[in-house]
Amino acid sequence: MLREVSLRNLSTTVLGKIVDFPIGISPTAMQKLAHEEGELGNARAAASLNIIFILSTISTSSLEEIVAAAPKGRKWFQLYVYKDREVSKNLIRRAEKCGFEALVLTVDAPLFGKRRANIRNQFTLPKHLRMANFEAGTENSEGLAVSKKGGSALNDYIDQLIDRNLTWEDVDWLKKTTRLPIVIKGILTAEDARLCVQHGAAAVFVSNHGGRQLDTVNATIDVLEEIVHAVDGRCEVYLDGGVSCGSDVFKVLALGANMVFAGRPFLWGLTVGGEAGSKKILQILRDELDLTMALTGVVKISDISRNYVIRASSL
């Protein structure tokens, strides 16, 4: 208490470049299901506030469309590795050419979890949409139009096309394939975090895939601290999952993360108002983080420390 907090600075540095505040947009698939602007709306919202937008491999807007929509925005590309490695190499080359700053390798989805609503509803992508990162008419592009097994076309797509045999050797392959820094997403243990460092990751992304992969898996915030200790400053650490307000962001930063991401809130904002709706969600989270900092006596992100949080179990 009784600290000067009239001037606060929420900016921080992520992978060597400044963001105006440490909240970014996680990769989520097929955003034109939420709004006709889709990924373009979220990319423009992120660019307008100078934060990071991550584009999914299985998006309804292409790499090139994202660059055209938000040419000055900070953009990363989430990568699924296809069984046909040439497909993945082509995606990587295009991401590099388009000015994407990092590859976010998702490692927690050799198979997709049993998403019962999708199976029950026999989910398919509407006919006016497709996987825009691939040539129209190909299976990679149109593979979600029909459910071949009578369940979810998304699960069918992943089972048929995505490589489920990835190992740490494939991280080494990716390092040799691209000049971009690699962020490994889907890490929930200290052991895997140390392996990320050993294999040259620029960052560990603590994530449980929105709780949609493995039932009863740990909440990301419950494993964050052990992962931060495991990497011991040798790479950056990010987190998504369960972030719904600015005070959540503060807690994650206090436990040692460099950056916080969220997915669902921006889909909700996109659904309601397109780019403007997504931008409003970002502004709400930013303002709540700013207020939390003021009320805890903090004026810059680097001052947020473990001293500001306590676990209920320790009371």
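See the structure above.
Residues numbered from 1 in each chain as written. Predicted model: local features only at pLDDT ≥ 70, side-chain atom pairs only at ≥ 80, totals over all residues. Heavy atoms only, no water.

**Q** Explain the overall build of the chain to me, using residue names and the numbers behind them.
**A** Scanning the chain from terminus to terminus reveals eleven helices and ten strands. The globule rule puts the C-alpha radius of gyration for 315 residues at 20 Å, and the 19 Å found for the chain is close to it. Dimensions of the chain, computed from C-alpha atoms along their principal axes, come out at roughly 65 × 40 × 40 Å. Going through the 315 residues of the chain one by one, you find that 54% of them count as buried. Partitioning the contacts of the chain with sequence separation of at least 6, the portion at a separation of at least 24 is 68%. Carbon and sulfur atoms form 51% of the exposed surface of the chain, whose accessible area is close to 14400 Å². For the chain, the centre of its 38 positive side-chain charges and the centre of its 36 negative side-chain charges are spaced 2 Å apart. (Helix = DSSP H or I, 4+ residues; strand = E, 2+ residues; numbered from the N terminus. Rg over C-alpha atoms; globule rule 2.2 N^0.38 Å. Buried < 20%, exposed > 50% of the residue type's maximum accessible area, 1.4 Å probe, protein only. Contact = heavy atoms within 4.5 Å. Areas by Shrake-Rupley, 256 points an atom, 1.4 Å probe, with all protein chains shown as cover. Lys, Arg positive; Asp, Glu negative; His and termini not counted. Charge placed at Lys NZ, Arg CZ, Asp CG, Glu CD.)

**Q** Hey, could you go over the packing of aromatic side chains for me, with residue numbers and the actual values?
**A** This structure, assessed with the given rule, holds ten aromatic pairs. With 5.6 Å between their ring centres and 40° between their planes, Trp-76 and Tyr-238 make a pair best called tilted. Highlighted residues: Trp-76 in strand S5 (residues 74-79) and Tyr-238 in strand S9 (residues 236-239), separated in sequence by 162 residues. Looking at Tyr-238, the relative accessible area reads 0%, which means it is buried. With a centroid separation of 6.1 Å and 85° between ring planes, the pair formed by Phe-205 and Tyr-238 is classed as edge-to-face. Pair noted here: Phe-205 is in strand S8 (residues 203-206) and Tyr-238 is in strand S9, with a separation of 33 residues, a long-range link. The aromatic ring of Trp-173 is capped on one face by Arg-85, whose charged end is 4.6 Å from the ring centroid. The ring of Phe-112 is capped by Arg-115, whose NZ or CZ atom sits 4.1 Å from the centre of that ring. (Phe/Tyr/Trp six-rings, centres within 6.5 Å; stacked < 30°, edge-to-face > 60°. Lys NZ or Arg CZ within 6 Å of the ring centre and 35° of its normal.)

**Q** Give a description of the side chain of Asp-248 that names residues and reports values.
**A** Note on placement: Asp-248 falls in helix H10 (residues 246-254). We classify Asp-248 as buried; its relative accessible area is 15%. Polar side-chain contacts of Asp-248 include one of 2.9 Å to the backbone nitrogen of Ser-244. Residue contacts for Asp-248: discarding those within four places in its chain leaves Gly-242 and Val-243. (Polar contact = N/O pair within 3.5 Å; in protein donor to acceptor, adjacent residues only side chain to side chain.)

**Q** Describe the packing of helix H8 (residues 190-198) against helix H9 (residues 220-231), naming the residues involved and giving the relevant values.
**A** Where H8 meets H9, the axes come as close as 8 Å, and the angle between the chain directions of the two elements is 35°. For the pair H8 and H9, the crossing hand works out as right-handed. Within the contact between the two elements, H8 uses Ala-190, Ala-193, Arg-194 and Val-197 and H9 uses Glu-226, Ile-227, Ala-230 and Val-231. Here the residues of the contact of H8 with H9 are counted per class, giving six nonpolar, no polar and two charged. (Axes fitted to C-alpha atoms, helices over the stretch in contact; angles between N-to-C directions. Left-handed = near helix turned anticlockwise from the far one by under 90°. Nonpolar A, V, L, I, M, F, W, Y, C, P; charged D, E, K, R; others polar.)

**Q** Outline the nonpolar core, supporting the account with residue identities and numerical values.
**A** Within the largest apolar cluster, 85 residues are counted, with the highest numbers of intra-cluster contacts made by Phe-77, Tyr-82, Tyr-157, Val-204, Val-206, Leu-224 and Leu-282. Aside from chain neighbours lying at most four places away, what touches Phe-77 is Ile-54, Leu-55, Ser-56, Thr-57, Leu-63, Leu-91, Ala-95, Phe-100, Ala-102, Leu-103, Val-104 and Asn-133. Ranked by size, the runner-up nonpolar core spans 13 residues in total, among them Ile-52, Val-183, Phe-205 and Phe-261. (Core = buried A, V, L, I, M, F, W, Y, C linked by side-chain atoms within 4.5 Å.)

**Q** How would you explain the layout of surface pockets if you had to name every residue and give the values?
**A** Considered as a void within the structure, the largest pocket measures approximately 810 Å³ in volume. Lining the largest pocket we find 35 residues, and of these Thr-28, Ala-29, Arg-212, Arg-264 and Leu-267 sit closest to its centre. Listed by contribution, the elements that provide at least two residues to the lining of the largest pocket are strand S10 (259-262) and helix H11 (264-295). Sort the elements by how many residues they give to the lining of the largest pocket and H11 lands first, with four residues. Split into classes, the residues belonging to the lining of the largest pocket amount to 16 nonpolar, 14 polar and five charged. The computed volume of the second largest pocket comes to approximately 500 Å³. Around the second largest pocket, the lining comprises 27 residues; the ones closest to its centre are Thr-106, Val-107, Asp-108, Ala-109 and Pro-110. Ranked by residue count, the leading element in the lining of the second largest pocket is helix H7 (residues 168-177), at three residues. The residue makeup of the lining of the second largest pocket, split by class, is 14 nonpolar, eight polar and five charged. (1 Å grid on protein atoms, 1.4 Å probe; cavity = no way out; pocket = protein on both sides within 12 Å on 5 of 7 lines; lining within 4 Å. Points joined across faces, edges and corners; volume = space filled by probe spheres on them.)

**Q** Describe the state of the cysteines, listing the residues and the values that go with them.
**A** One pass over the full model with this rule turns up zero disulfides. As a non-bridged cysteine, Cys-196 has Cys-235 as the owner of its nearest cysteine sulfur, 6.9 Å distant. (Disulfide = S-S within 2.5 Å.)

**Q** How would you summarise the pattern of salt bridges if you had to cite specific residues and measurements?
**A** Pairs may arise between side chains of opposite charge once their charged atoms sit close together. If you walk through the whole model with that rule in mind, you get 17 salt bridges. Measuring nitrogen to oxygen at the nearest pair gives 2.8 Å for the salt bridge that ties Arg-74 to Glu-101. Taken together, the positions of Arg-74 in strand S5 and Glu-101 in the loop between helix H3 (85-97) and strand S6 (103-106) put the pair 27 residues apart, joining distant regions of the chain. In this pair, the class of Arg-74 matches that of Glu-101, namely buried. Overlapping salt bridges, with partners in common, bring together Lys-17, Arg-74 and Glu-101 in one network. (Salt bridge = Lys/Arg side-chain N within 4 Å of Asp/Glu carboxyl O.)

**Q** Please provide a residue-by-residue account of H10, values included.
**A** Of all nine residues in H10, seven are buried, a share of seventy percent or more. Taken together, the buried positions of H10 are Gly-246, Asp-248, Val-249, Phe-250, Val-252, Leu-253 and Ala-254. The inward-facing, buried residues of H10 contact strand S3 (23-25), H9, S9, S10 and H11. Immediately beyond the C-terminal end of H10, within one or two residues, lies Gly-256, with a positive phi of roughly 115°.

Remember that the coordinates give geometry; whether it matters functionally is a separate question.
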